[in-house]
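# Summary of structural features
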Amino acid sequence: MNIGIVCYPTFGGSGVVATELGKALALKGHRVHFITYSQPVRLDFFNENLFYHEVYIPPYPLFQFPPYELALASKMVDIVQNEKLDVLHVHYAIPHASAAYMAKQILITKGIRVPVITTLHGTDITLVGKDASYEPVVTFSINQSDGVTAVSADLRRETYEYFAIEKDIEVIPNFINLERFKKQNKSHFKAAIAPDGEKLLVHTSNFRSVKRVEDVVHIFDGVRKQIPAKLLLVGDGPDRPRIEKICRDLGLLSNDVRFLGKLEAVEEVLSIADLFLMPSEKESFGLAALEAMSCEVPVISTNAGGIPELNVHGVTGMVSNVGDVADMVKNSLYVLEDDNLPRFKEAARARAEEFAVDNIVPRYEACYQRAIDAQ
Ligand code: GMT
């Protein structure tokens, strides 16, 4: 197939899933055309089936808000027409689904029909999309898509609850490259970070309020009062100054809590981790937790959104109510016990294997084929 993938090119989960999907499809022989405003961060290898088309917005002083959606729709028209795309797959409803609808209508006037698949990733529904500023456009463009997928059953449920959706929504969960995300021998790194055998707790996120990074710090503080431990924080975002202040107020030194920033090779940090913390307020799936589990790291999480569809309580980690820091401290200490940790680690990897790229990607291919056949 000739497939167009539209996504955010950033570190965010939807961009990562879209890029990894494109790479996997290209390895299977499909021609994949990425359409976005800069090179996707995970588009890090060359393959004869991969193409990247940059959306350019010519600057003009009149524009207080550059019309990205129009430039994107125009680029989609161009690429569908000239590269003879069979299907357009847009990741994250806003503004990709409505831009795709516009492109599709323009293409019809040229006698070209292309099906549009929209994948809902989470905040496009649970936070941003619900807002009255966007809701009518989100509802309309989901209903106009030829195929709709959501990354968890919970996100599917929430989409039906908050929007008047007439379409079937297929659940296709996030997936993982088990070869890249596997425990590597990084003992020198571990010895440098935790020279006295301290337990290593890790969190990765975009440091937005929905991730509740302050809970990460408080959980760590509770754990280290009981056992020697260190915390590694990967990622960056608007809450970071606030989190740094909380650390200082708690008397946590830079040796106890390390801010590692936006690391590319997160699997190297996960390879030395004992526990992954995900105390999110909302989380449609929890790709970061899946990456950790694939590296044999058990997960302490909330029961928000789709997380329990991934993290099995008492097996791959433990789940608690949002904000229940005391319970997450108790659970962390339980999982970290010598008698428990090995079985949690083993179960985490085994669970991650269920989400292997080879199990999930064929479901997207089938979804494309159905939409193409229905044209
Ligand atoms: O987690 C984020 O804030 C980034 C966000 C995104 O839209 O890129 O991630 C969402 O999509 C991921 C991939 O499908 C999911 O694994 C994340 O759970 C989801 N984030 C939220 O729902 C908050």
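Please read these numbers as outputs of a predicted model, since none were measured by experiment.

### Regarding the site of the ligand
For the ligand, the set of nearby residues contains 19 residues, the closest of which are G12, G13, S14, G122 and L287. At 3 residues, helix α1 (residues 13–27) tops the list of elements feeding residues into the shell around the ligand. In terms of residue class, the shell around the ligand is made up of 6 nonpolar, 10 polar and 3 charged. Residue assignment places the shell around the ligand across two domains, with domain 1 (2–174 + 357–373) and domain 2 (187–353) each supplying three or more.

### Some thoughts on the UniProt feature "domain: Glycosyltransferase subfamily 4-like N-terminal" (unreviewed entry) in the chain
The UniProt record annotates "domain: Glycosyltransferase subfamily 4-like N-terminal" (unreviewed entry) at residues 11–180. With 42% helix and 16% strand, residues 11–180 has end C-alpha atoms that lie 16 Å from one another.

### Points about the UniProt feature "domain: Glycosyl transferase family" (unreviewed entry) in the chain
Under the UniProt annotation, "domain: Glycosyl transferase family" (unreviewed entry) lies at residues 188–349. The annotated region residues 188–349 carries 38% helix and 18% strand content, and the separation between its end C-alpha atoms amounts to 23 Å.

### Let's talk about the nonpolar core
Of all hydrophobic cores here, the largest spans 105 residues; its most connected members are M76, V202 and A292. Aside from chain neighbours lying at most four places away, what touches A292 is V202, L270, A273, F276, V297 and V299.

### Quick word on the domain arrangement of the chain
In many reports, interface size means the accessible area that the parts give up when they come together. The domains assigned to the chain are domain 1 (2–174 + 357–373) and domain 2 (187–353). Between the C-alpha centres of domain 1 and domain 2 there is a distance of 31 Å. Facing the 16 residues of domain 1 at the interface are 11 residues of domain 2. The set of elements that each furnish at least two residues to the side of domain 1 that touches domain 2 consists of α1 and α6 (153–162). Along the lines of polarity and charge, the residues of the side of domain 1 that touches domain 2 split into 8 nonpolar, 7 polar and 1 charged.

### A closer look at the packing of helix α3 (residues 93–109) against helix α5 (residues 135–144)
Between α3 and α5, the shortest axis-to-axis distance is 9 Å and the interhelical angle comes to 55°. If you check the angle between α3 and α5, you find them oblique. In terms of crossing hand, the pair formed by α3 and α5 is left-handed. On α5, the residues that touch A93, I94, A97, S98 and Y101 of α3 are V137, V138, S141, I142 and Q144. For the contact of α3 with α5, the per-class residue count stands at 7 nonpolar, 3 polar and no charged.

### Quick look at the pairing of strand β2 (residues 31–36)
For β2, the buried fraction is high: 5 of the 6 residues fall into the buried class. Note on the crossover from strand β1 (residues 2–6) through α1 to β2: the handedness is right-handed. As defined by bridge partners, β2 adjoins strand β3 (residues 50–54) across 5 bridges and the pair is classed as parallel. For F34, the partnering residue across the bridge sits in β3 and is Y52.

### Some points on helix α11 (residues 287–294)
Here α11 lies mainly inside the structure; 8 of its 8 residues are buried. All of the buried residues in α11 are L287, A288, A289, L290, E291, A292, M293 and S294. In this structure, the buried residues of α11 make contact with α1, β8 (199–204), α10 (266–270), β11 (275–278), β12 (299–302) and α13 (341–353). Two residues or fewer past α11, E296 is found with a positive phi of approximately 70°.

### Quick word on the packing of α11 against α13
Where α11 meets α13, the closest approach of the two axes is 7 Å, and the angle between their N-to-C directions is 120°. Overall, the two elements α11 and α13 adopt an arrangement that is oblique. The two elements α11 and α13 cross, and the hand of that crossing is left-handed. Here L290, M293 and S294 of α11 come into contact with α13, specifically with A348, R349, R351 and A352.

Conventions we followed
- Residues numbered from 1 in each chain as written.
- Predicted model: local features only at pLDDT ≥ 70, side-chain atom pairs only at ≥ 80, totals over all residues.
- Near = placed C-beta within 6 Å.
- Helix = DSSP H or I, 4+ residues; strand = E, 2+ residues; numbered from the N terminus.
- Nonpolar A, V, L, I, M, F, W, Y, C, P; charged D, E, K, R; others polar.
- Domains from an automatic or database assignment.
- UniProt positions renumbered as here; feature names shortened; annotations may be inferred.
- Core = buried A, V, L, I, M, F, W, Y, C linked by C-beta atoms within 7 Å.
- Buried ≥ 20, exposed ≤ 12 C-beta atoms within 10 Å, placed from the backbone.
- Contact = placed C-beta atoms within 7 Å.
- Axes fitted to C-alpha atoms, helices over the stretch in contact; angles between N-to-C directions.
- Parallel < 35°, antiparallel > 145°, perpendicular 65-115°, else oblique.
- Left-handed = near helix turned anticlockwise from the far one by under 90°.
- Right-handed = clockwise from strand over helix to strand, strands pointing away.
- Pairing = 2+ DSSP bridges.

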